[in-house]
Amino acid sequence: MIVTELVLTRHGQARCNLDGLVGGPRTCTGLTELGKRQATLTAQRIADEHANAPITTLYAGTRLRLRQTGEIYATVLGLSLIVEPGLDGPIHGDADGRPWHEVKTAFGGGPHAHPDQPWATGSDTWNGYLRRAGTFLADLIERHDGDRVLFAAHGETVLAVHTLLLGLPPGAEAGFTVDHGSLTRWQLHLNRLGRRRWMLDRHNDTAHLAVL
């Protein structure tokens with residue numbers, strides 16, 4: 001029996017993604033038209049399931065691209081949107097608004113390349129972000145025991161959930177692809193012996209975006 005379900009979606013394509021810029025809270029300018037279409041198609045797919053297995057709570061982080069994605073979900077599904085600062089993704093510090101290729105060149109790779117070092121002045125470290133996000137997510141999951149929760153999230157939030165529920169070690173070099181508009185689903189199963197176990201039902205599912 002499935003007792004809790006986490007439905008994680010990455011926001012639609014944002015202008016900062018298209019321009020190759022670090023989209024921190026100061027400089028995120030929201031979704032592109034393609035991103036809005038991706039979010040609408042994702043919401044329509046979830047709506048087909050929502051009729052039989054209702055979503056109980058809808059969350060989004062505070063950056064504009066997340067709020068816009070969450071607002072599309074709220075309209076299609078008829079749910080209230082909770083904007084939660086704890087889901088706002090990594091802190092980019094002075095990298096906010098700069099081209100990613102410049103940041104990565106100066107740092108010698110993406111944030112995961114040196115996971116215990118800040119990738120810019122005032123930024124998180126990658127492992128520091130995973131610990132912070134993991135602590136928040138563990139508490140949120142506990143509060144929603146028995147619920148079906150939908151997230152309009154950053155790709156990094158999906159990675160943080162995987163790290164938490166799979167028990168991955170800090171600095172793990174393997175990773176996961178998380179595409180815009182993709183759907184990832186974790187389910188907490190309760191068996192006849194009373195044992196509970198998290199199961200990854202799907203990751204980075206983009207079948208609903210095939211029309212694009």
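Residues numbered from 1 in each chain as written. Predicted model: local features only at pLDDT ≥ 70, side-chain atom pairs only at ≥ 80, totals over all residues. Heavy atoms only, no water.

1. Considerations on the pattern of salt bridges
Tallied over the entire structure, the rule returns 15 salt bridges. Among the ionic pairs, Arg45 bridges to Asp205, the shortest N-O distance being 2.7 Å. One end of the pair, Arg45, is in helix H2 (residues 33-50); the other, Asp205, is in strand E6 (residues 196-205), and 160 residues separate them in sequence. We note that Arg45, like Asp205, is buried. The salt bridge partner of Arg63 is Asp88, with a shortest N-O separation of 3.2 Å. With Arg63 in the loop between strand E2 (57-60) and helix H3 (64-77) and Asp88 in the loop between strand E3 (81-83) and helix H4 (100-107), this pair connects stretches of sequence that are 25 residues apart. Per residue, the accessibility class of Arg63 equals that of Asp88, and both read buried. Taken together, the shared-partner salt bridges in this structure form one network comprising Glu5, Arg45, Glu49, Arg148, Arg185, Asp201, Arg202 and Asp205. (Salt bridge = Lys/Arg side-chain N within 4 Å of Asp/Glu carboxyl O. Helix = DSSP H or I, 4+ residues; strand = E, 2+ residues; numbered from the N terminus. Buried < 20%, exposed > 50% of the residue type's maximum accessible area, 1.4 Å probe, protein only.)

2. Quick word on unusual backbone geometry
Even without being a glycine, Asn204 presents a positive backbone phi close to 55 degrees. Residue classification places Asn204 among the buried residues on the basis of a relative accessible area of 16%.

3. What to know about the packing of H2 against H3
The geometry of H2 relative to H3 is characterised by a closest axis approach of 9 Å and an angle of 40 degrees between their N-to-C directions. The angle between H2 and H3 places the two elements in the oblique class. In this structure, H2 meets H3 at a crossing whose hand is right-handed. When H2 is examined against H3, the residues Lys36, Ala39, Thr40, Thr42, Ala43, Gln44, Ile46, Ala47 and His50 are found in contact with a partner set consisting of Thr69, Ile72, Tyr73, Val76 and Leu77. Residues of the contact of H2 with H3, tallied by class, amount to eight nonpolar, five polar and one charged. (Axes fitted to C-alpha atoms, helices over the stretch in contact; angles between N-to-C directions. Parallel < 35°, antiparallel > 145°, perpendicular 65-115°, else oblique. Left-handed = near helix turned anticlockwise from the far one by under 90°. Contact = heavy atoms within 4.5 Å. Nonpolar A, V, L, I, M, F, W, Y, C, P; charged D, E, K, R; others polar.)

4. Looking at the packing of aromatic side chains
Enumeration over the complete set of coordinates arrives at two aromatic pairs. A ring pair is formed by Tyr59 and Phe151, whose centres lie 5.8 Å apart and whose planes are at 15 degrees; its orientation type is stacked. One end of the pair, Tyr59, is in strand E2; the other, Phe151, is in strand E4 (residues 148-153), with 92 residues separating them in the sequence. Each member of the pair Tyr59 and Phe151 is classed as buried. Lys104 extends its terminal NZ or CZ atom over the ring of Trp100, reaching a point 5.4 Å from the ring centre. (Phe/Tyr/Trp six-rings, centres within 6.5 Å; stacked < 30°, edge-to-face > 60°. Lys NZ or Arg CZ within 6 Å of the ring centre and 35° of its normal.)

5. Regarding the nonpolar core
For soluble globular proteins, the rule of thumb is that nonpolar side chains tend to be buried together. Grouped together as the largest cluster of nonpolar side chains are 21 residues, with contacts concentrated most on Leu6, Leu137 and Phe151. Element by element, the count of residues in this core is highest for helix H5 (residues 126-143), at eight residues. Apart from residues lying up to four places away in sequence, Leu6 is in contact with Ile141, Val149, Phe151, Val161, Leu165, Thr184, Arg185, Trp186 and Trp198. In this structure, Val7, Ala39, Tyr73 and Leu150 belong to the second largest nonpolar core, which totals 17 residues. (Core = buried A, V, L, I, M, F, W, Y, C linked by side-chain atoms within 4.5 Å.)

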